[in-house]
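Chain and residue survey
What follows is the residue order along each chain.
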Amino acid sequence: MNKIALISGASAGIGYAIAEILANNNFDLIITGRRKERLDTLKAQIEKRTKSKVICLCFDIRNKEEVFNSIECLPQEFKKIDVLVNNAGLASGLGVIQDGDLEDWEKMIDTNVKGLLYLSRAVSPLMIENKKGHIVNIGSLAGREVYPNGNVYCATKHAVDALSKAMRIDLLPHGIKVTQIAPGLVETEFSIVRFHGNKERADNVYKDMTPLCPDDIADAVLYVITRPKHVCINDMLITPTAQASSTNVIRTK
Ligand code: NDP
Ligand code: 8X3
């Protein structure tokens, strides 16, 4: 019987790459996101190419009723979730605190912090019941340091860092592993979302340097979840070779 992984935010970027690599490695999947068409296409592609079974859950992670109902309504055999990857997240806007857009702030806090909490709250009791499980939280370099104009996004990722440590302590008696993977610059739709669709501004983030690609992070997720039962990788900080901190990036050309 295949292991089961639930990946939030699998309709794009890092989550999409995680879904693909886990399917290639014999996991059955529960993939989530708001964009149903994208989830359906990914499911069809994976089921055509591999033997993995895929369930799509289309919900906005900010809506707690939708999150809890979706998990509650899973077929019984899919409730035995072995791995939860809390990946769904976003940055919205980049600017000084005194000019901050409250809608952007709420979007980031509700998605990156409260959404991660809702899903963890819904899934962790199922893991406890099954006496096994692994939660992988996708944090960020922005959860280790702050950079100009990054204020609220950085705060949400610092919260993910704190919650990863706290969850590891709370779930310790139940043998459930908790890992945080904290990437630096990864080229995805992340910057397009941050700059509200401004593709030119987004492209500049990765200009004249080689960023990470989603597969680099997916590879790390596969690594941490395939260690022996007695090994828990607590934390991984992964940057492109051209990045030493949020503000130290070597650009050539
Ligand atoms: P993308 O924008 O490419 O993907 C984000 C994913 O999150 C999408 O699948 C999106 O699905 C989902 N998502 C966003 N908001 C919601 C919501 N309200 N409800 C449900 N799903 C949601 O970005 P990345 O792949 O880069 O981001 C994935 C994670 O990695 C995020 O947590 C991000 O903070 C983190 N990260 C990214 C880095 C980067 O440089 N790219 C670096 C460090 C961390 P949909 O829109 O269909 O709902
Ligand atoms: C995303 C990476 O540097 O834009 O977490 O904050 S960064």
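Because the structure is predicted, anything quoted here is derived from the model rather than measured.

The final tally for this structure, using the stated rule, is one cavity of 30 Å³ or more. The computed volume of the largest cavity comes to approximately 40 Å³. The wall of the largest cavity is formed by Asn86, Asn87, Ala88, Gly89, Asn112, Leu116, Ile138, Lys157 and Val160. Elements represented by at least two residues in the lining of the largest cavity include exactly helix H4 (102–130) and helix H5 (151–171).

With seven of seven residues buried, strand E2 (residues 27–33) lies mostly within the body of the structure. Side chains of E2 alternate between two faces, with Phe27, Leu29, Ile31 and Gly33 and Asp28, Ile30 and Thr32 buried alike. As paired elements, strand E1 (residues 3–7) and E2 share five bridges and run parallel to each other. Note that in E2 the partner of Lys3 across the bridge is Phe27. After leaving E1, the chain enters helix H1 (residues 13–24) and then returns to the sheet as E2, a path that is right-handed. Across five bridges, the pairing between E2 and strand E3 (residues 54–58) is parallel. By the bridge assignment for E3, Thr32 is matched with Leu57. Between the parallel elements E2 and E3, the chain passes through helix H2 (residues 36–49) in a crossover that is right-handed.

Here the focus is the site of ligand 2. Close to ligand 2 lie Ser140, Ala142, Tyr147, Tyr153, Phe190 and Arg194. Here an oxygen atom of ligand 2 and a side-chain polar atom of Tyr147 are 2.6 Å apart. For ligand 2, the accessible surface in isolation is 240 Å², of which the surrounding protein chains cover 88%. In terms of residue class, the shell around ligand 2 is built from four nonpolar, one polar and one charged.

Tracing the sequence through the fold places Ser8 in the loop between E1 and H1. Owing to a relative accessible area of 1%, Ser8 belongs among the buried residues under this scheme. Separated by 2.9 Å, the side chain of Ser8 and the backbone nitrogen of Ala88 make a polar contact. Residues contacting Ser8, with those up to four places away along its chain left out, are Thr32, Ile61, Val85, Asn86, Asn87, Ala88 and Leu119.

As a volume, the largest pocket reaches approximately 1200 Å³. Lining the largest pocket are 50 residues, and of these Leu90, Ala91, Tyr153, Phe190 and Ser191 lie nearest its centre. Elements with a contribution of two residues or more to the lining of the largest pocket: H1, E2, H4, H5 and helix H6 (190–194). The dominant element in the lining of the largest pocket, judged by the number of residues it contributes, is H6, at four residues. When grouped by side-chain class, the residues that make up the lining of the largest pocket number 23 nonpolar, 18 polar and nine charged. Its boundaries defined by the atoms lining it, the second largest pocket holds a volume of some 320 Å³. Lys3, Lys132, Gly133, Lys177 and Lys229 are the residues nearest the centre of the second largest pocket, which is lined by 16 residues in total. Partitioned by chemical class, the residues of the lining of the second largest pocket number four nonpolar, five polar and seven charged.

We now examine the site of ligand 1. Of all residues adjacent to ligand 1, which total 29 residues, the nearest are Ser11, Arg34, Asn87, Tyr153 and Thr188. Take Ala12: an N or O atom from its main chain is 3.4 Å from an oxygen atom of ligand 1. A distance of 2.8 Å separates an oxygen atom of ligand 1 from a polar backbone atom of Asn87. Counting atoms within 2 Å of the grid points, the majority share of ligand 1 lands in the largest pocket. The set of elements that each furnish at least two residues to the shell around ligand 1 consists of H1 and H5.

What counts and what doesn't
- Residues numbered from 1 in each chain as written.
- Chains lettered and ligands numbered in written order.
- Predicted model: local features only at pLDDT ≥ 70, side-chain atom pairs only at ≥ 80, totals over all residues.
- Heavy atoms only, no water.
- 1 Å grid on protein atoms, 1.4 Å probe; cavity = no way out; pocket = protein on both sides within 12 Å on 5 of 7 lines; lining within 4 Å.
- Points joined across faces, edges and corners; volume = space filled by probe spheres on them.
- Helix = DSSP H or I, 4+ residues; strand = E, 2+ residues; numbered from the N terminus.
- Buried < 20%, exposed > 50% of the residue type's maximum accessible area, 1.4 Å probe, protein only.
- Pairing = 2+ DSSP bridges.
- Right-handed = clockwise from strand over helix to strand, strands pointing away.
- Near = heavy atom within 4 Å.
- Polar contact = N/O pair within 3.5 Å; in protein donor to acceptor, adjacent residues only side chain to side chain.
- Areas by Shrake-Rupley, 256 points an atom, 1.4 Å probe, with all protein chains shown as cover.
- Nonpolar A, V, L, I, M, F, W, Y, C, P; charged D, E, K, R; others polar.
- Contact = heavy atoms within 4.5 Å.
- Sits in = over half its atoms within 2 Å of the grid points.

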